[in-house]
Amino acid sequence: MNTRSMVMSRAEGSDESVPLLPGRGEEAAPSGITGVLGVGKLSAKRVTLAIAGMLVVAAACVGVFALQNSSAAPFVSSNLGDGDVDTPALGEDGEPDLGSLPDVDFTGKTLLIVMGLPFSGTSALEGLLGTAGVITDLCKANTWQCEDTQLLQDLGFKRKDSHCDCCDEELEDVTVAEYAYAFKDFAHKWWDMSKPVLMDKTPNLICRHRKLRDAAAMLGLKLKFIVLTHHPFSWNSDSHPFNEGWYSDAVLNIVDVLSDNSVDVLQVKYELMAWRTNQVIEEIKRFVPEITSLDPWRSGLAGESSGDRGSGVAEFFKAHPLEWVIKKIQPTTMQSLCRIGYNTEGECSAF
């Protein structure tokens, strides 16, 4: 392999226009709120939620009866223990009942979804965004890297044994209505609603962006995406080494998001976050006007993560300079890289 260190002045590559791939993961056409809610046949997951809900109601009724018939009866709580499913109330269609949660005023709020490929550097980007002072995240929930996966599992929307985030069988795991319910739930439990930007950084959302678009629409919530991209030649991690077989398939989800004109999205290149940090900061500030400053020498995750994950991006890349290592990759992968704006190594000549 040919290894060379990159400098800040490296050209970003050609702006050559290339064809985009059709939608991938979810259907390319918008699902539409009406179509999602008008479900005629309940899934096994929703039947399970419905049964669980009835059991909770039955337990509450038993508790009330006991209280009425025994002055010494203990207080009966409907709260579930830690790690259990916090079963939401369901509507007649088997979807979570948004009206069962107290109202939330989303006026003037922006839902900022930060996503990318797993282990591609999304936590570093989240840490940078966390220094803005106007962004609230999910760190209060004490989940892995402040992500939403465990929270969706606790609501019963996502299977706890799920280990394949963007496989076909996993894509229907969380519905549009469930995401809408979850965001409203987050507003009550985890987000600081005094801040204007509500952030959810979860890499696997990269293959669910249309569901998030429709969920935000249900809530009347402004939505923006920041997508982190990471070129194979700068992917040199020892703990999570580059795997082209996985990458070539996963990057198609990024192609899909960046080519979707129905969403407001900003691409942040991992390489530029390392080599042109100030340029990336200015791009983010233009994209999210509520952000007026970002500090690359600090991290919003400093109190949540140990070691390098809690370091500011400037501090991290000073200690670990990012290298550009030429690898032999397939033409189809080069084509995908061209479609997401890379052309420093002849990616666009692979067509």
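Right, let's walk through the structure included here. The structure presented is a predicted model; accordingly, all values stated were derived computationally and were not measured. (Residues numbered from 1 in each chain as written. Predicted model: local features only at pLDDT ≥ 70, side-chain atom pairs only at ≥ 80, totals over all residues. Heavy atoms only, no water.)

## Remarks on the overall build of the protein chain
Rules: A helix here means a DSSP run of H or I that spans at least four residues, while a strand means a run of E at least two residues long, and both kinds are numbered starting from the N terminus. The rule is simple: take the accessible area with a 1.4 Å probe, protein chains only, and divide by the maximum for that residue type; under 20% is buried, over 50% is exposed, in between is partly exposed. Throughout, a contact is declared for two residues whenever any of their heavy atoms are within 4.5 Å. Per-residue and other accessible areas follow the Shrake-Rupley method at a 1.4 Å probe size, with only the shown protein chains counted as cover for residues.
Each helix and strand in the protein chain was counted, giving 11 helices and 7 strands. Counting over 351 residues, the protein chain shows a buried share of 49%. Counted over contacts in the protein chain with a minimum sequence separation of 6, partners at least 24 positions apart contribute 79%. Working note: accessible area of the protein chain is about 16600 Å², and carbon and sulfur atoms make up 53% of it.

## Observations concerning the nonpolar core
For clarity, the cut-off: For this analysis, a nonpolar core means a set of buried residues of the types Ala, Val, Leu, Ile, Met, Phe, Trp, Tyr and Cys, connected via side-chain atoms within 4.5 Å.
By size, the foremost hydrophobic cluster in this structure holds 78 residues, and its most contacted members are Ile-113, Leu-125, Leu-129, Phe-183 and Ile-284. Residues within four places of Phe-183 in sequence aside, it is in contact with Phe-106, Leu-111, Ile-113, Trp-191, Asp-200, Leu-212, Ala-215 and Leu-219.

## Some thoughts on helix H6 (residues 209-219)
By the criterion of burial, H6 is predominantly enclosed, with 9 of the 11 residues buried. Those residues of H6 lying buried are His-209, Arg-210, Lys-211, Leu-212, Arg-213, Asp-214, Ala-215, Ala-216 and Leu-219.

## What about the state of the cysteines?
Defined as follows: Disulfide: a pair of cysteine sulfur atoms within 2.5 Å of each other.
Enumeration over the complete set of coordinates arrives at 3 disulfides. Through a disulfide, Cys-139 is tied to Cys-146; the S-S separation comes to 2.0 Å. Between Cys-139 and Cys-146, the S-S torsion sits near 100 degrees, and that sign places the bridge as right-handed. Accessibility classification places Cys-139 together with Cys-146 in one group, the buried group. The disulfide partner of Cys-338 is Cys-348, and the S-S distance across this bridge is 2.0 Å. Classification of the bridge connecting Cys-338 and Cys-348 rests on its S-S torsion, roughly 95 degrees, and on that basis the disulfide is right-handed. Residue Cys-338 is located in helix H11 (residues 331-339), and its partner Cys-348 is located in the segment after H11; the two are separated by 10 residues in the primary sequence. The exposure class assigned to Cys-338 is buried, which follows from its relative accessible area of 4%.

## Here we look at the environment of Gly-121
Within the fold, Gly-121 resides in the loop between strand S2 (110-116) and helix H3 (122-129). Judged by its relative accessible area of 17%, Gly-121 is buried. Spatially, the C-alpha atoms of Gly-121 and Val-313 are 9.9 Å apart, while their sequence positions differ by 192 residues. Look past the residues within four positions of Gly-121 in its chain and what remains in contact with it is Leu-228, Tyr-270 and Met-273.

## As for the sheet that holds strand S3 (residues 135-136)
Across a sheet, strands are paired by hydrogen bonds formed along the backbone, either parallel or antiparallel in direction. Definition in use: Whether two strands pair depends on DSSP finding at least two bridges between them. The axes are straight lines fitted to the C-alpha atoms, using for helices just the contacting stretch, and the angles between their N-to-C directions are given from 0 to 180°.
Taken in spatial order, the 5 strands make up an open sheet running S3-S4-S2-S5-S6, and their pairing is parallel. Of all the strands in the sheet, the pair left with one neighbour each is S3 and strand S6 (265-269). Here 5 bridges tie S2 to strand S4 (residues 197-201), and the two strands are oriented parallel to one another. Bridging from a neighbouring strand, Val-114 pairs with Lys-201 of S4. Strands in contact with helix H7 (residues 244-258) are S2, strand S5 (222-229) and S6; relative to S5, the strand with the most contacts, it is inclined by about 140 degrees. Docked against the sheet, helix H9 (residues 277-287) engages S5 and S6, running at close to 170 degrees with respect to S6.

## Some details on the packing of helix H5 (residues 176-189) against H6
Put simply, the test is: Note on terminology: angles under 35 degrees are roughly parallel, angles over 145 are roughly antiparallel, angles of 65 to 115 are roughly perpendicular, and the others are oblique. Whether a crossing is left-handed or right-handed is set by the direction in which the near helix is turned from the far one by less than a right angle, anticlockwise for left-handed and clockwise for right-handed.
The N-to-C vectors of H5 and H6 enclose an angle of 60 degrees; their axes lie 8 Å apart at closest approach. Classified by the interaxial angle, the pair formed by H5 and H6 is oblique. Of the two elements, H5 crosses H6, and the hand of that crossing is right-handed. Note on element contacts: H6 touches H5 through Lys-211, Leu-212, Asp-214, Ala-215, Met-218 and Leu-219, opposite Val-176, Ala-177, Tyr-179, Ala-180, Phe-183 and Lys-184.

## Digging into the packing of aromatic side chains
Let me state the cut-off plainly: Stacked, tilted and edge-to-face are the three classes assigned to paired rings of Phe, Tyr and Trp, where Trp is represented by its six-membered ring and a pair needs centres within 6.5 Å; plane angles under 30 degrees give stacked, over 60 edge-to-face, the rest tilted. In this scheme, the term charge over a ring applies when either NZ of a lysine or CZ of an arginine sits within 6 Å of the ring centre and within 35 degrees of the ring normal.
A full pass over the atoms with the stated rule returns 13 aromatic pairs. Ring centres of Trp-275 and Trp-324 lie 6.1 Å apart, and the angle between their planes is 55 degrees; this geometry places the pair in the tilted category. Taken together, the residues span a long stretch of sequence, with Trp-275 in helix H8 (residues 270-275) and Trp-324 in strand S7 (residues 323-326) at a distance of 49 residues. Like Trp-324, Trp-275 is buried. The aromatic ring of Phe-287 is capped on one face by Lys-224, whose charged end is 4.9 Å from the ring centroid.

## What about the pairing of S4?
With 5 of 5 residues buried, S4 is to be regarded as a mostly interior element. Here S4 shows a buried face lined by Val-197, Met-199 and Lys-201 and a second buried face lined by Leu-198 and Asp-200. One ladder, built from 2 bridges, connects S3 with S4; its direction is parallel. The residue bridging Thr-136 from the neighbouring strand is Leu-198, located in S4.

## Things to note about the side chain of His-230
Just so we agree on the cut-off: The term polar contact refers here to a pair of N or O atoms within 3.5 Å; inside protein, the definition further demands a hydrogen-donor-capable atom paired with an acceptor-capable atom, and it admits residues adjacent in sequence only when both atoms are side-chain atoms.
Relative to the helices and strands, His-230 is located in the loop between S5 and H7. Overall, the relative accessible area of 7% leaves His-230 in the buried class. Within polar-contact distance, the side chain of His-230 engages the backbone oxygen of Ser-234 at 3.1 Å. Filtering out sequence-adjacent residues up to four positions away, His-230 remains in contact with Ser-120, Trp-235, Tyr-247, Tyr-270, Glu-271 and Tyr-342.

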